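Below, each chain spelled out in residue letters.
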Amino acid sequence: MAHPCMSCGACCATFRVSLHWSEADPELGGGVPEALTERLDAHRLAMRGTWEKQPRCVALDADIGRYSRCTIHPVRPSVCREVDASWEYGVVSAQCDKARAVHGLRALTPQDWPAQA
Ligand code: SF4
Ligand code: SF4
């Protein structure tokens, strides 16, 4: 069974994705492409597209609910790494459930993760 995120992408098209500017500074070890960000405030950047009324990250390659991939997955912002899919680690993820609901997708259940069901 494919990982549910591979056919979703909802969270990348629901929330503003902000990050500390250092995450896009190679001299400080930051790997997020600066060109894909915009200035949010004195200390933070936002992934382009996620500060819109209908957010959608510029790095997202997806047809929400059908297929999804992050085109900068190995160097995505830290906040992106912190969003777990519901029940992937045995607990509900409010962000996952909310994002999926925004896009008309049902919330994941333990049955979506056979090893834990
Ligand atoms: S909303 Fe949930 S299932 Fe969808 S991509 Fe994000 S974490 Fe994965
Ligand atoms: S950087 Fe990647 S994981 Fe983060 S919101 Fe954009 S597409 Fe999603």
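The structure we're discussing is the one just above.
None of the values given here were measured: they were computed from a predicted structure.

With that out of the way, let us pick up the overall build of the protein. Of the regular secondary structure elements, the protein holds 2 helices and 5 strands. Going from N to C terminus, the protein has its helices and strands arranged as β-β-β-β-β-α-α. What you see for the protein is a C-alpha radius of gyration of 15 Å, in line with the 13 Å of a compact globule of 117 residues. The C-alpha extent of the protein, read off along each of the three principal axes, is 45 × 30 × 20 Å. In the protein, buried positions account for 33% of the 117 residues. Within the protein, contacts between residues separated by at least 24 positions form 51% of all contacts whose residues are at least 6 apart in sequence. Summed over its atoms, the accessible surface of the protein is roughly 7,100 Å², and 54% of this surface lies on carbon and sulfur atoms. Charged side chains of the protein number 13 positive and 14 negative; the gap between the two group centres comes to 6 Å.

Ordered by their spatial adjacency, 3 strands build an open sheet running 1-3-2, and the pairing between neighbours is antiparallel. Each edge of the open sheet is held by one strand with a lone partner, namely strand 1 (18–20) and strand 2 (37–39). Averaged over neighbouring strand pairs, the angle between their axes works out to 40 degrees when direction is ignored. Taken together, the 3 bridges between strand 1 and strand 3 (residues 44–47) define a ladder with antiparallel strand orientation.

Turning to the side chain of R76, a few remarks are in order. Its place among the elements puts R76 in the loop between strand 5 (67–70) and helix 1 (78–81). Of the side chains with opposite charge, D84 lies nearest to the buried R76, which makes no salt bridge, at 8.3 Å. Of note is the side chain of R76, whose polar atom sits 2.7 Å from the backbone oxygen of H73. Excluding residues that lie within four positions of it along the chain, R76 makes contacts with V32, C70 and R81.

Rules of the game
Residues numbered from 1 in each chain as written. Chains lettered and ligands numbered in written order. Predicted model: local features only at pLDDT ≥ 70, side-chain atom pairs only at ≥ 80, totals over all residues. Heavy atoms only, no water. Helix = DSSP H or I, 4+ residues; strand = E, 2+ residues; numbered from the N terminus. Rg over C-alpha atoms; globule rule 2.2 N^0.38 Å. Buried < 20%, exposed > 50% of the residue type's maximum accessible area, 1.4 Å probe, protein only. Contact = heavy atoms within 4.5 Å. Areas by Shrake-Rupley, 256 points an atom, 1.4 Å probe, with all protein chains shown as cover. Lys, Arg positive; Asp, Glu negative; His and termini not counted. Charge placed at Lys NZ, Arg CZ, Asp CG, Glu CD. Pairing = 2+ DSSP bridges. Axes fitted to C-alpha atoms, helices over the stretch in contact; angles between N-to-C directions. Salt bridge = Lys/Arg side-chain N within 4 Å of Asp/Glu carboxyl O. Polar contact = N/O pair within 3.5 Å; in protein donor to acceptor, adjacent residues only side chain to side chain.

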